[in-house]
Every structure is written in C-alpha cells, then in structure tokens.
Protein chains: 2
Amino acid sequence: MTRGGGRPDEDGLIARFFRPLATAPGAAQLLDDAATYQPPEGHELVLTTDALVAGVHFFPNDPPDAIARKALRVNLSDLAAKGARPVGYLLSIALTEDWSPDWLESFADGLASDQEEFGVALFGGDTVRTPGPLWISVTAFGLAPEGQVPRRDRAVPGQKIYVTGTIGDSALGLKIRMDESLRTRWQLSDREAEHLLDRYLLPEPRTRAAGLMNDFASASMDISDGLAGDLGRMCSASDVGAVLDADRLPLSAAAAKAVRSDPSALNTVLTGGDDYEILVTIDADAAEVFEAAALDQGVRVTAVGTIMPSFSGHVRVERRGQPLVLDRLAFRHF
Amino acid sequence: MTRGGGRPDEDGLIARFFRPLATAPGAAQLLDDAATYQPPEGHELVLTTDALVAGVHFFPNDPPDAIARKALRVNLSDLAAKGARPVGYLLSIALTEDWSPDWLESFADGLASDQEEFGVALFGGDTVRTPGPLWISVTAFGLAPEGQVPRRDRAVPGQKIYVTGTIGDSALGLKIRMDESLRTRWQLSDREAEHLLDRYLLPEPRTRAAGLMNDFASASMDISDGLAGDLGRMCSASDVGAVLDADRLPLSAAAAKAVRSDPSALNTVLTGGDDYEILVTIDADAAEVFEAAALDQGVRVTAVGTIMPSFSGHVRVERRGQPLVLDRLAFRHF
C-alpha cells in the first residue's frame, strides 16, 4: 500500500485520511464510484461549488488544517446565504509531487473539526496529482425548506440592507499579511492584528443565519468579493440601486482602529474580499422583527443602507453625508 | 466588461461562455451563489466528482471541446455504473494566464453538445486563475430509483462478470499517442488507429445501461483504472475472488489487431486505464434475461469471467486455460 517515504498510494491515502470523514451511509466509505442521498420531503437541495488555488486564494505555507477549513467554509457561506443547512460535500484535491502524510493528516483534521462544527459529512472525492500548485475544489450541498431559498435578484426599493458580523476584517488581515509594517501604522495591538489575520485565514460562515434567510430575506447573497461590489451585483440583478452608509458599517475593534489611523483602510473594508458575511435586504416594516429574531439566534446583523429606485446596479457610498469615491468596486479573485 | 486582448472579466466570461449552459431553472442563470434542485419522489440522488489536470489526464493541446466533454463524461460514467440518469453538474475550472476566448468558446461548445446528448445541464461553477496547469473539476448528480443503486461490494461467488462495450481501446490509443511507431508495429490502418486515439480522447459513458444496472446488477462499477485492477477492487470490497477469461474480452477490431501483432498489448488492454465501460456481476440464472434486455437497449455486454469463493481480491486471469501474469494490476492516474 505504500511507495517510498511512507507515503501511501491513492487507495491507501483515501483509506487513511478521507474515509474517516465519510460518515454518511450514502458515502459508502468512499469505496464506491458515487454517493447517494435522499433529501427529505418538503425540502429543496441547494448546491454550490468553489475552488481554491495555492498562491491565489491562500498562501502555500498556511496551516493545512486552515486551508481545508477555508475550502469547506467558503462553500458553507454560500449555502447559509441561500437559507440552506449544510448536509455534505464532495472534495477534489490536487497534490503536488512533494506532498507529505503530515500535511494531509493536518488537512483531514481540519475537515474533521469543521464537519463536527457544521454538521456536514464528506460524500465523495477525487485525489489527483498536479505538477502545478496545490488546489482544492469543493462542491457542497444543503437543504432549505421548499420555496424559501432567497435569491439575489429580489431587492426592492425601500428595503433595508443588512450585513451579518463585521466587514473588512479579512481584507485588512490580508494587507497585514503582505505588509507587516501596517501593524504599527494602524496602531494595532498583537491581539488586534491576530484577529484580522485569523479572519483572512478562516472565514466564519453564518450557518446559524440560514433560518433567518428563509423567514425574512427578500434578496440575499454572501459577500466574498467586497461589500460595495457585491451589493452592486445584487442591485444589477434586481435592477435597482442602493445607498450604503459607510458610517454604519459594523467594524471590529481592530478594523475600527485601522480606519481611524489610516483613512485609506476604509476603501479596503468596502472593497476587499473574503468577508463571507451575508448581505440581505429586508422589507422596512419587517426590520424590527428581523432584528429581534437575529438577536434570538445569536446572529449579529447591522443595517447599512437602503435599496433605491435609482440606476440599476449603482451603489452610492456615503460618509458623513457626503459621497465617497472608491478606488475600485470589488476585489476579484479571478 | 473586458480587459486587454478582448478577454472578458470573470462576470463577462461566465455570461458569455457558461450562462447559455445553465438551462435548468434552479441554476438561476449562474447569477446566484447556489443552485436549487428538488429530486422527484421515489428517487435517490447519486453524486460523484472527478477532476482532470492538463498533462496528467489529458494533453494540453487536446481540442478544448474534447477536454470539456471528457471532464463531464468521466463523471457520467460513474453515474451510469450506479444506475443513475444524469441530471446536472457543477464545474470548477482554473484557467492559465494565457487563456483565450477561442479556447473557452470551444470548451463551452463541447459542454453544450454533451448536455444535449446526455440530457444534463450546468448547475453552477467557479472560474479561477492558476499559475500552474489548467485543471477542471466536475461534480455530477443524477437520479436512480429508490433502493436500486448497485454497489461494488455485492459480488457473490458463482455470479457471471460482464463488461459493456469494448476493453482496452483507450489505453492502446494513449500508447499510440505517445509512440506513433506502434501504428506500424500493430499493423493498424489509419482508421483503426484513429478509433483507438478517439477512445482515449473521448470516453463513451454507458448512460443507456443505467436502467440495466437498476434491474440486474448485483455489484457494479465503472472501469477507469484498467479491468484487471478494478475487478480486483470490486472483489476486495466484496470479499471474493474472480477468474477473468482473457480469451473472451470484447475487443474492437483495432485492439484485436494490436493484440495479435504484439502480445504485450494484451497487458495494456487488461491494465490500461480510461475504459469508462461498466463492470457488473449478474446472478448466473439471470444472465440470459440480462443479455436479452441489454440487446433490447442497444447496449453491448460480454461475459468475461466468474466470481469465485477464493482469496479476497484475487483475480486470476486465464488465457487459453493458462494463468496469465500481468506486469502490473492497474493504471493509476494518481
């Protein structure tokens, strides 16, 4: 089962690292060509896929467990935005020539830990070799109550715009990762800097908010390419505009400090990628009940703007009542 | 929407090349974070994923439409072996810096053509950049009647072993692709050589055989890593052995000629990869009805051996009544 350096062959590798993750009966312990799954009645299956490439979406020297969790979590974030509870995922991974069992063990540990945290299981996979950088592609699926999957094209003028969690942490974390001197420039404590770095390394999909999306969302989507740009996409899809109030953005203590010390950081907060929060529009007369329900669920939500009947796709960002011009609208991974 | 050289950005690229493929209502024209799908009652969802890397699973200069179709078809082959009719797929593709709209247009044309042929639709995707070789990861899903998904661990001593189609063409085609002189050595006409090359370039998933699998299969799997090795895996999973009769292998005219001219080609036929035929075991007393049903469906099936109560996972290959020793059991893509 092994060849050279204690590294198992593909069957051995799957048995050792991935079989323990295939806990659903339909996954057949990854011993078969395909998995089976039967959604319960009254539910829709929600499907999404996202891929990460080393050097593009993460740093090759990131901890392997964090890489694995990020690959899974960016998909869980899409499911949460669509009001779906995650069920399972399929994983393709391309390993480079110098892969090591230790690396893969840590990678699998990361998946195991997130499987427990989010209640999902591995349903299948493919392990291949690549002469290029390591990459991972995950397809995740989940369940939403029938007819209660919010779309991104249902934003209506007058609706309030909410975001979950805090905005900009991850993009600021990436900036610090690229330029350590920003820690000083932004006057961050070690703990604050770590907070931002961690948010880049490990997204926090808002799975707990899925039920809120079923019950309250008019339009919703996950924020992966920056709030301003993703709101623009939502507005384009819905043929509406929006006003975004930069003074009301939910910022972590660390992000708030960065923005105070360096006004250009606000641009990063608004247009940086990798937030993995949910952007959602709510009818104005349901806003109070929505906020109360979110509080009950332990999900932080903040109103950050209003959908407008203006030019389709146009987002006006305001700060202290004045329009704010951004360097660019969105961060693009592509 | 474009930047340099007439190449669209990610949104433009998706709109131009992939949106026309997202014909299912649940795919939301790829304008959303996730797709929805509701399987009809009485059916199980069957899910599989397979990835291809340029230079590993295909030649970088293969026609883009053939690369696309291969990426989809290797997944459809898994579904067919599990008795599932394909419904949809999600696609991750990593493009290299020098990607061209022409390449991607041909790639999308290949998908469109296979979507029509196999009745599937694109349900979602992710387009990323890679500094390494181009790769494609497809997750496909389909439907099988509830409780009628054959597994690979159900082979029972006394059952007859069948394969669909012909065996070895693709592996011989790859040999020719690597060494043109084999055309002469194997005394192949141009047409025969083309047949083998085509089988390597473009698998023929046995989607039409899915119903036969529901009705007759005890154990089944698709043959992707060579008949001898995959039969060994089926036997291991089922805790049985097998006798494989090399004289009864269904060979195309081209493969038969290669084996006659060069006995070592038989090794390639038995252990080469990329057949994408179905390997299935059938109760001996159902064999006649199975063959008749296959004939009705226009699916070629050939009995090639028998499941034995011998050592788990052991496959004895016989030729002219004598055991045949293979160089290696299986071709591994990994």
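Residues numbered from 1 in each chain as written. Chains lettered and ligands numbered in written order. Predicted model: local features only at pLDDT ≥ 70, side-chain atom pairs only at ≥ 80, totals over all residues. Heavy atoms only, no water.

- Identification of chain A as Thiamine-monophosphate kinase from Terrihabitans rhizophilus is taken from an unreviewed UniProt entry.
- Of the comments in the UniProt record for chain A, the one headed Function (unreviewed entry) reads "Catalyzes the ATP-dependent phosphorylation of thiamine-monophosphate (TMP) to form thiamine-pyrophosphate (TPP), the active form of vitamin B1."
- Its UniProt record gives chain A the following Catalytic activity (unreviewed entry) comment, quoted word for word: "thiamine phosphate + ATP = thiamine diphosphate + ADP". (UniProt positions renumbered as here; feature names shortened; annotations may be inferred.)

Observations concerning the UniProt feature "binding site: Mg(2+) 3" (unreviewed entry) in chain A
Phase 1: Per the UniProt annotation, the sites labelled "binding site: Mg(2+) 3" (unreviewed entry) are D33, D78 and D222 of chain A. In terms of the greatest pairwise C-alpha distance, the residues named above, spread along 190 residues, do not form a single cluster, extending to 32.2 Å across.
Phase 2: Looking at where D33 of chain A falls in the secondary structure, it is placed in the loop between α1 (10–18) and β1 (35–37).
Phase 3: Beyond its immediate sequence surroundings of up to four residues, D33 of chain A is in contact with T48, D78, A81, K82, R152, S220, M221 and D222 of chain B.
Phase 4: With respect to the helices and strands, D78 of chain A occurs in helix α2 (residues 64–81).
Phase 5: The contacts of D78 of chain A, once residues within four sequence positions are left out, are T48, D50 and D222 of chain A together with D33 of chain B. (Helix = DSSP H or I, 4+ residues; strand = E, 2+ residues; numbered from the N terminus. Contact = heavy atoms within 4.5 Å.)

Some words on the relation of the copies chain A and chain B
Phase 1: The transformation that overlays chain A on chain B combines an axial shift of 0.0 Å with a rotation of 180°, and the residual RMSD is 0.0 Å. Each copy turns onto its partner about a two-fold axis. When each C-alpha of chain A is compared by its distance to the rotation axis, G132 of chain A comes out closest, at 2.1 Å.
Phase 2: Here 100% of the interface residues in chain A have copies in chain B that are interface residues too; the copies meet face to matching face. (Least-squares fit on C-alpha atoms with pLDDT ≥ 70 in both.)

Description of the confidence of the model for chain A
Phase 1: Within chain A, residue pLDDT values average 93, and 96% of them lie at 70 or more.
Phase 2: Segment residues 1–5 of chain A is flagged for pLDDT under 50; beyond a separation of four residues in sequence, or across chains, it makes 10 contacts in the model. (pLDDT = per-residue confidence, 0-100.)

Remarks on the sheet that holds strand β9 (residues 277–282) of chain B
Residue and element names in this part refer to chain B.
Phase 1: Strands sit in the order β7-β9-β6-β10-β8-β11-β12 across an open sheet of 7 strands; the sheet is mixed. Sheet topology places β7 (220–223) and β12 (322–323) at the edges, where each strand pairs with a single neighbour.
Phase 2: Most of the contacts of helix α8 (residues 227–238) go to β7, to which it runs at about 155°, and overall it touches β6 (160–164), β7, β8 (241–245), β9, β10 (301–308) and β11 (315–319). (Pairing = 2+ DSSP bridges. Axes fitted to C-alpha atoms, helices over the stretch in contact; angles between N-to-C directions.)

Structural notes on helix α11 (residues 287–297) of chain B
Residue and element names in this part refer to chain B.
Phase 1: Listed in full, the buried residues belonging to α11 are A287, F290, A293 and A294. The buried residues of α11 occupy an angular sector of 125° when the element is viewed end-on, so they sit on one face. Among the exposed residues of α11, those pointing more than 90 degrees away from its buried face are E288, V289, L295 and D296.
Phase 2: Just downstream of α11, G298 is the residue with a positive phi angle, here 70°. (Buried < 20%, exposed > 50% of the residue type's maximum accessible area, 1.4 Å probe, protein only. Arc of directions from axis to C-beta.)

Here we look at the interface of chain A and chain B
Phase 1: Listed per partner, the contact involves 60 residues of chain A and 60 residues of chain B.
Phase 2: The junction of chain A with chain B conceals about 5100 Å² of combined surface from both sides, 54% of it contributed by carbon and sulfur atoms.
Phase 3: Summed over the shared surface of chain A and chain B, the result is 10 salt bridges.
Phase 4: The closest approach of N and O atoms between D32 of chain A and R151 of chain B, which form a salt bridge, is 3.3 Å.
Phase 5: Here chain A and chain B share 35 residue pairs in polar contact (both at pLDDT 80 or more) between them. (Buried area = accessible area lost by both parts, 1.4 Å probe. Salt bridge = Lys/Arg side-chain N within 4 Å of Asp/Glu carboxyl O. Polar contact = N/O pair within 3.5 Å; in protein donor to acceptor, adjacent residues only side chain to side chain.)

Structural notes on the domain arrangement of chain A
All names here are of chain A.
Phase 1: Along its sequence, chain A is organised into domain 1 (10–145) and domain 2 (160–323).
Phase 2: Placing a centre on the C-alpha atoms of domain 1 and another on those of domain 2 gives a separation of 27 Å.
Phase 3: Across the boundary between the two partners, domain 1 contributes 24 residues, which contact 21 residues of domain 2.
Phase 4: Between domain 1 and domain 2, roughly 1800 Å² of surface is buried when both sides are summed, and carbon and sulfur atoms account for 59% of that area.
Phase 5: Counting the surface domain 1 buries against domain 2, the share from its top three residues, F59, K70 and R73, is 28%. (Domains from an automatic or database assignment.)

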